[in-house]
Amino acid sequence: MTGARPCAAEQRGPRERGGGGGRGSGGSCAAAAGGMNGARGAGRALAALLLAASVLSAALLAPGGSSTPDVDKKRHVELKMDQALLLIHNELPGTNLTVYWNYDGCYQCLLQVLVHASRSGKPGKPSVAAVAVGTQHVSILQLNDTVEDKELCRLEYKFGEFGNYSLLVKHAPDGASEAACDLVVNEKPVDSDLPVTVAFLVGLALVIAVSFLKFLWSLEDFNNWISKAINSRETDRLINSELGSPSRAGDPQPEAWRPSAAPLRLRCLDTFRGVALTIMVFVNYGGGRYWYFRHSSWNGLTVADLVFPWFVFIMGSSIFLSMTSILQRGCSKFRLLGKIAWRSFLLICIGIVVVNPNYCLGPLSWEEARIPGVLQRLGVTYFVVAVLELLFFKPVPESCASERSCLSLLDVVSSWPQWLVILALEGIWLALTFFLPVPGCPTGYLGPGGIGDLGKYPNCTGGAAGYIDRLLLGDHHIYQHPSSAVLYHTEVAYDPEGILGTINSIVMAFLGVQAGKILLYYKDRTKDILVRFTAWCFLLGLISVALTKASENEGFIPVNKNLWSISYITTLSAFAFFILLVLYPVVDVHGLWTGTPFFYPGMNSILVYVGHEVFENYFPFQWRLGDSQSHKEHLIQNLVATALWVLIAYVLYKKKVFWKI
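Once a new chain begins, its residue numbering starts again from 1 and follows that chain's sequence as written. For this predicted model, a pLDDT threshold of at least 70 governs which residues receive local features, and a threshold of 80 or more governs which side-chain atom pairs are given and counted, while totals over whole chains, interfaces and linings are taken from all residues. Calculated side-chain values reflect all of the structure's heavy atoms, with hydrogen atoms and water omitted.

The name given to the protein chain in an unreviewed UniProt entry is Heparan-alpha-glucosaminide N-acetyltransferase isoform X1, and the organism recorded there is Vicugna pacos.

Have a look at this one:
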């Protein structure tokens, strides 16, 4: 998912733009036992303490923070975030050097000229060239004789942020080669990952503390001690208001709960959606400017690449569960079709508004308005999958709903018409991807273009996927800052939410439908549900291994978020089934975790998504940093902003405010 906000794009580059598709499905609740509703209180406390955790992170990180060296006065090189200073000491008399550089993660890339180092003037007085090098990945350095363009030495090294290094180039003492290159650390780098570690430990400590308080609250002796310490009248009032009063229709249910007779309200799905949404907000706001919280430049996966497919998957599960409930209540298919079309239309319209903000650069020009986007893709995917399920809808067999005689593969066999359509769509994706002729590019090209593939196909970014978008939508109506530009220096526009990738988005949503059918067909049969989740997890995982050859770049179809490749779909779907395999028994069956605090944004996903986009550049979600080149300060800001949206979702939940489309 990639954002199109002009102001933000200049600040953070390509970002994840994930959205939700409504409230999803969940279960009903039962009142907690034991005097006071401890879990409810703990949920309230945990949501409120998210801000405190962020502030505590800031307090812990502040003393250990090291200031950014603004300028190396001797060499006049200004270091920015994720950079180190490299001094090239050329002790070779009469030999000018050209230093080439690139990251090892840039697959089959041309090395780029980093700096020129002039020849040494006098023996013992080497010439020195200073340059900033990247620290995010392992660097490849190659030194060539400038005149003869002959390689003198080559090395790989992982530089540390704000470190100071010297590369000594001199005659080899053994005479076996013309030059020897030795790397020396002048000043040790800072530990740029320390803020993430501290923030994680603070969050873990908070979870342990709240869990311990919940455990104490569940103890009868502790409860009695608390009750004696509180004024009896106040205690009676609290007990009556929290547990004694009957729940009114529409009231939010207490957090300490057990599933009851309403199977369509599964809390694990809302929790899963909330986890994805919280991660999405964090990475969209910058993720502390760490590379692993940004999108992969081309093949491979980072944290930011996970959330959008999970939204699509959960949306598929919700489609089947909600549709079954609506049709069982007597709603006609024709009326439901109208609701599906209207909701899809609204998602697309809201998406176009969100990806084309005009308050940064003045009035929007329709000639440059971006058409694809996250909500647009969700809208199209929702329409296709929902209509497909509506056309071939079959009521859940009574044998599955009430007995243990349901066929082992009925959840799959009953969907054979839908499977035929999905397989046909996947066949179309494969045919267009590998057989559509693209002018100036090899047929079936899946690469990033730019300097990748040794620079042979600089304008072929995305192959058929990019070509179709540019042909049907035009260069100016798709995303202008793709993540491939980071490593591969691509110059053509490419949209990761483009037309061709929507086909695999539909496939992903249909796999989510299958998860929903498992949950409904085998309800109250936990073992059968978990067995099927496990089977899907292994099946999709094996398909991913076969397609990728268990490698990042060498497979038949690599895992690629920009292309939404089929291996990307199978891999993320396997992860999704695994997460449900964990969440369903923990949250819905045994009630060991209520889903707090992620349950709250999961219940209001569209509002949180649109809100975090609209108010991104406003206080208190963003403020001027004391050191804009500090991971620590960016991380604190992004954690506070994310915690605020979780807190907002909690307050809205308690006020029974939900934005439904």
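So that's the structure; there's more coming.
Chemist: What exactly am I supposed to notice about the state of the cysteines here?
Modeler: A covalent bond between the sulfur atoms of two cysteines is what we call a disulfide. Only a pair of cysteine sulfur atoms within 2.5 Å qualifies as a disulfide here. Within the structure shown, the criterion is met by 3 disulfides. Here Cys106 engages in a disulfide with Cys109; their sulfurs sit 1.8 Å apart. Looking along the S-S bond of the Cys106-Cys109 disulfide, the torsion reads about -70°, which is the left-handed sense. Taking relative accessible area as the criterion, Cys109 reaches 13% and is therefore assigned buried. Only protein chains enter the area calculation, which uses a 1.4 Å probe; residues under 20% of their type maximum are buried, those over 50% are exposed, and those in between are partly exposed.

Chemist: How should the pairing of strand β5 (residues 139–145) be read in this particular structure?
Modeler: For a regular strand, side-chain orientation follows a simple rule: the groups alternate between the two sheet faces. In terms of residue burial, β5 counts as a mostly covered element, since 7 of its 7 residues are buried. Going residue by residue along β5, you find Ser139, Leu141, Leu143 and Asp145 tucked away on one face and Ile140, Gln142 and Asn144 tucked away on the opposite face as well. Any two strands are treated as partners once DSSP identifies two or more bridges connecting them. Helix and strand assignments follow DSSP, with helices taken as H or I runs no shorter than four residues and strands as E runs no shorter than two, numbered in order from the N terminus. Pairing geometry for strand β2 (residues 97–103) and β5, over 7 bridges, is antiparallel. Across the sheet, residue Tyr103 finds its bridge partner in β5, namely Ser139. In this structure, β5 lies alongside strand β6 (residues 150–157), joined through 7 bridges in antiparallel fashion.

Chemist: Just checking my understanding: could you explain empty space enclosed by the protein for this structure?
Modeler: Where empty space is left becomes clear once a probe the size of a water molecule has been rolled over the atoms. Note on definitions: the grid is 1 Å and covers protein atoms alone; a cavity is a set of points where a 1.4 Å probe fits but cannot get out; a pocket is an open set with protein on both sides within 12 Å along at least five of seven lines; lining residues have an atom within 4 Å of a point. Grid points are joined across faces, edges and corners, and a volume is the space filled by probe spheres set on the points. According to the stated counting rule, one finds 4 cavities of 30 Å³ or more in the structure shown. Computed from the structure, the largest cavity encloses a volume of approximately 60 Å³. Forming the walls of the largest cavity are 13 residues, and the residues nearest its centre are Ala465, Tyr494, Gly498, Gly501 and Asn562. Sorting the residues of the lining of the largest cavity by element identifies α13 (464–472) and α15 (499–521) as the ones contributing at least two each. The element best represented in the lining of the largest cavity is α15, accounting for 3 residues. Residue composition of the lining of the largest cavity, grouped by class: 7 nonpolar, 3 polar and 3 charged. Put simply, Ala, Val, Leu, Ile, Met, Phe, Trp, Tyr, Cys and Pro go in the nonpolar bin, Asp, Glu, Lys and Arg in the charged bin, and everything else, Gly too, in the polar bin.

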